[in-house]
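Architecture at a glance
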Amino acid sequence: MRSNPQPPTPNPQRVAWLSLDAGDNDPAVFLRYLIAALQRALGGAVGAIALVLMESPQPPAHSLVLTALINDLADVPQPVALVLDVLRTRSVGTLDLTGGAPELNPHFRDLVRAARALGVRVIDRCNLTILSEPGQAGLADFLAGQGVEVTASLPCYSPANVDRQRGKGVFDKSIAALQRLNALGYGHEGSGRVLNLIYNPLGAVLPPAQAALEADYKRELGVHFGIVFNRLYALANMPIQRFGSMLISKGLFNGYLRLLKDNHRDANLAQLMCRSLISVDWLGRLHDCDFNQQLDLPLVDGASGEARHLRDLLHADVDGAPIRVAEHCYGCTAGNGSSCGGALGA
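These notes cover the structure that comes with them. (Residues numbered from 1 in each chain as written. Predicted model: local features only at pLDDT ≥ 70, side-chain atom pairs only at ≥ 80, totals over all residues. Heavy atoms only, no water.)

1. A look at the overall build of the chain
The following threshold applies: Numbering of helices and strands runs from the N terminus, with a helix taken as a DSSP run of H or I at least four residues long and a strand as a DSSP run of E at least two residues long. Here the term buried applies to any residue with accessible area under 20% of the maximum for its type, exposed to any over 50%, and partly exposed to those in between, with areas from a 1.4 Å probe on protein chains only. Here the Shrake-Rupley method, with its probe set to 1.4 Å, supplies the accessible areas, and only the displayed protein chains count as covering residues.
Counting secondary structure elements, the chain contains 13 helices and eight strands. Overall, the C-alpha framework of the chain stretches about 80 × 45 × 40 Å when taken along its three principal axes. Counting over 346 residues, the chain shows a buried share of 44%. Carbon and sulfur atoms make up 54% of the accessible area of the chain, which totals about 17,200 Å².

In structure tokens:
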């Protein structure tokens with residue numbers, strides 16, 4: 001299960017909007033509008049008892065209605081707590097934390113501790129530079145102490161290429177972070193502390209063969225910086241979001257999409273990550289993969305057409321549910337295939 005506990009910029013809380021005018025200056029009207037707004041944001045069960053009380057032949061005092069509503073709100077599970085409930089209920093084996101810098105989420109360490117206490121394998125998708133950010137001095141030790149696997153993005157072993165893609169100074173910070181992780185045992189065979197790296201092509205091309213590229217990375221990082229790691233994952237660039245915008249601005253979008261389609265391989269379909277993974281956004285909504293999450297394509301209920309939520313997994317299964325597909329999906333099926341675990345079948 002992939003969980004994205006870190007929202008890009010907004011406050012990670014669900015918001016109910018309520019607009020009133022002078023004609024709504026009545027407690028009963030206000031409460032009905034309030035409950036309707038809360039139900040749109042939190043689900044139809046919130047406020048159901050309060051509505052029943054208000055519609056009774058002799059409505060009780062408004063304080064009793066408010067008490068019922070407050071009790072419902074108190075019972076609404078928060079996404080982080082729901083993640084743990086689902087891990088426990090569904091016996092989920094892996095929790096993969098992503099989202100740019102998931103470590104900055106205030107619940108990150110509590111979530112990791114609780115998941116590890118359940119025996120769940122935890123992966124931290126780390127951008128490496130976070131280890132040098134203020135307030136994160138103890139992060140590497142925490143990850144090591146909890147036995148968290150680190151999967152870190154390093155788009156090249158060349159300083160110039162990394163700084164050109166990620167910004168000046170990023171390569172040096174990334175190398176220092178990798179050396180810090182190595183000092184804690186990460187990347188060393190037999191240590192039990194797994195360190196994997198992620199490669200993305202710098203342009204509108206498919207990634208090269210993963211095994212050969214991994215050998216190059218190990219040689220160059222080892223010789224020049226004394227760095228060791230376990231595996232390299234070679235991922236294709238998806239024609240969406242920032243990369244997609246870059247392709248459009250340079251007139252390369254249609255050509256790259258044609259490259260993906262021309263290199264589609266049916267043999268990759270059986271191993272696609274959307275067949276065995278659920279991506280959870282910061283609101284608790286379910287998606288077939290991280291890319292669908294970025295495009296706001298949630299997993300939907302076949303009967304109602306409503307977006308599925310993490311809480312649904314406490315009492316319903318999604319095995320066999322239709323997978324939402326679009327043209328960006330060719331990014332996973334082209335060439336050697338691409339997934340959160342690198343080339344398919346590698």
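2. Remarks on the packing of aromatic side chains
Two aromatic rings are characterised by how far apart their centres lie and by the angle between their planes. What counts is decided by this rule: Stacked, edge-to-face and tilted labels apply to pairs of Phe, Tyr and Trp rings (six-membered ring for Trp) whose centres lie within 6.5 Å, assigned for plane angles under 30 degrees, over 60, and everything in between, in that order. For a Lys NZ or an Arg CZ to count as sitting over a ring, it must be within 6 Å of the ring centre and within 35 degrees of the ring normal.
Taken as a whole and judged by the stated rule, the model has five aromatic pairs. Relative to tyrosine 217, the ring of tyrosine 157 has its centre 5.2 Å away and its plane inclined at 80°; by these criteria the two rings are edge-to-face. With tyrosine 157 in the loop between strand S4 (149-153) and helix H7 (159-166) and tyrosine 217 in helix H9 (residues 210-225), this residue pair connects regions lying 60 residues apart in the sequence. With a relative accessible area of 26%, tyrosine 157 lands in the partly exposed category. On the basis of an interplanar angle of 80° and a centroid distance of 6.3 Å, the ring pair of tyrosine 199 and tyrosine 217 is categorised as edge-to-face. Placement of the pair is tyrosine 199 in strand S5 (residues 195-199) and tyrosine 217 in helix H9, with a sequence separation of 18 residues. Site record: aromatic cluster; members linked through ring pairs are Tyr157, Tyr199 and Tyr217. Geometry around phenylalanine 229 places lysine 218 over its ring, the cationic atom sitting 5.5 Å from the centre.

3. Some remarks on the side chain of aspartate 312
Note the cut-off: We define a polar contact as two N or O atoms separated by no more than 3.5 Å, with the added condition that, inside protein, one atom must be a possible hydrogen donor and the other a possible acceptor, whereas residues neighbouring each other in sequence contribute only through side-chain atom pairs.
Checked against the element boundaries, aspartate 312 lands in the loop between helix H12 (290-294) and helix H13 (330-333). Here histidine 309 takes part through its backbone nitrogen, which lies 2.8 Å from a polar atom of the side chain of aspartate 312.

Treat this as a map of the structure, not an account of what it does.
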